[in-house]
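# Structural characterization, general
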Amino acid sequence: MKKQRWKKIGALLAAMVMAAAVTVTMAGCGGGEAPAPEQTDSETQAVENNGTAPSVAVINVDTKGVVPKEHLVVETEYGEVNLTGIDLEKPMIALTFDDGPGAGTGKILRVLQENNAKATFFELGSNVENNPEMTKQLADAGMQVASHTYSHPDLAELSVEDMKEQYSKTENAVKAAAGTTITAVRAPYGSYDDEVKANTQYPIILWSVDTLDWSSRDTNAICDSVYSAGVGDGDILLFHDIYETTADAIEILVPYLQDQGFQLVTVDQLFAAKEIKLEKGGVYSQA
Ligand code: NI
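Now for a description of the structure that goes with this document. A quick note: this is a predicted structure, and the numbers were derived from the prediction, not measured. (Residues numbered from 1 in each chain as written. Predicted model: local features only at pLDDT ≥ 70, side-chain atom pairs only at ≥ 80, totals over all residues. Heavy atoms only, no water.)

What follows covers the packing of helix H4 (residues 105-114) against helix H6 (residues 132-140). With their axes 11 Å apart at the nearest point, H4 and H6 run at an angle of 15° to one another. With respect to their mutual orientation, H4 and H6 come out roughly parallel. Regarding H4 and H6, the two cross each other, and that crossing is left-handed. Residue-level inspection shows Thr105, Gly106 and Leu109 of H4 in contact with H6, the latter providing Met134, Gln137 and Leu138. When its residues are assigned to classes, the contact of H4 with H6 shows 3 nonpolar, 3 polar and no charged. (Axes fitted to C-alpha atoms, helices over the stretch in contact; angles between N-to-C directions. Helix = DSSP H or I, 4+ residues; strand = E, 2+ residues; numbered from the N terminus. Parallel < 35°, antiparallel > 145°, perpendicular 65-115°, else oblique. Left-handed = near helix turned anticlockwise from the far one by under 90°. Contact = heavy atoms within 4.5 Å. Nonpolar A, V, L, I, M, F, W, Y, C, P; charged D, E, K, R; others polar.)

This is the structure in structure tokens:
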């Protein structure tokens, strides 16, 4: 895969962020002396932060004076991806949720926020139109809202015209609900062919761990599928946020996976962090 070009915020801005964060640290430590950078214990930091942390200032207050990571934004052809707070040297995975917004979405969002985790929601445009407020909440919370088409057809069986309509109607629904643009699609049933690839203007994101939550609809079975999967760095896990049993499993799995040392990031963050450029019409099942 092609290596992605990094766009780092200028050294001046980075220095300003560092300086501001150190100030916060000192206040949080009751005016004590700020630690030197070499004292940073990033191992401890990752654990204490419960995975990813979006805010530089919060990192420092919560971790008793650990020096902040560099403010890092990567520019892709789909827009900027913010990697601030993600430790690029440590394992990360992407939780993904299909078919919503639905019965489990609200609880899943709450669990993610409580654990300072991020995830990607491949939503159906039709469901976004039915519940635009939920889609807005996801986007506002920093979750990646992506496309799962408008009405869940097998793309390989559609005309090019119909396929593009599936994409555009979903783009419009998400734009109207949350004001965000689509940067990835998950093909329903994981089904695609050369014609689909040639006419898709985003990367096609599949998965490397299938929890079969749609089949079992059993919280324990969903958890067991993850425990036994041998989840590793760069994996993409497939769930569906239309089931309450999935939401109940997520409440168990998010802290479990973080205890295993995984940062929970969006698909965009996962590939940007691994310096893998996502191509239009390219198919990806892990990073
Ligand atoms: Ni689906």
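Before going further, it helps to spend a moment on the pairing of strand S5 (residues 144-147). Every second residue of S5 is oriented toward a common face, with Gln144 and Ala146 on one face and Val145 and Ser147 on the other, all of them buried. Bridging between strand S4 (residues 120-123) and S5 involves 4 bridges; their strand directions are parallel. Looking at S5, one finds that Glu123 is bridged to Ser147. (Buried < 20%, exposed > 50% of the residue type's maximum accessible area, 1.4 Å probe, protein only. Pairing = 2+ DSSP bridges.)

Next up on the list: the side chain of Asp99. Mapped onto the fold, Asp99 is located in the loop between strand S3 (92-98) and H4. Here Asp99 is buried and forms no salt bridge, its nearest opposite-charge partner Arg186 lying at an N-O distance of 8.2 Å. Among the polar contacts made by the side chain of Asp99, one reaches the side chain of His148 at a distance of 2.9 Å. Beyond its immediate chain neighbours, meaning those up to four positions away, Asp99 contacts Phe122, Leu124, Asn127, His148, His152, His240, Asp241 and Ile242. (Lys, Arg positive; Asp, Glu negative; His and termini not counted. Salt bridge = Lys/Arg side-chain N within 4 Å of Asp/Glu carboxyl O. Polar contact = N/O pair within 3.5 Å; in protein donor to acceptor, adjacent residues only side chain to side chain.)

Right, let's get into the coordination of the nickel ion. Asp99 (OD), His148 (NE2) and His152 (NE2) make up the full set of protein donors to the nickel ion, lying at 2.0 to 2.2 Å. Sequence spacing among the residues donating to the nickel ion works out to D-x48-H-x3-H. Pair noted here: Asp99 is in the loop between S3 and H4 and His152 is in the loop between S5 and helix H7 (160-178), with a separation of 53 residues, a long-range link. The exposure classification of Asp99 matches that of His152, with both residues buried. (Donors = N, O, S within 2.8 Å, 3.2 Å for Na, K, Ca; no water.)

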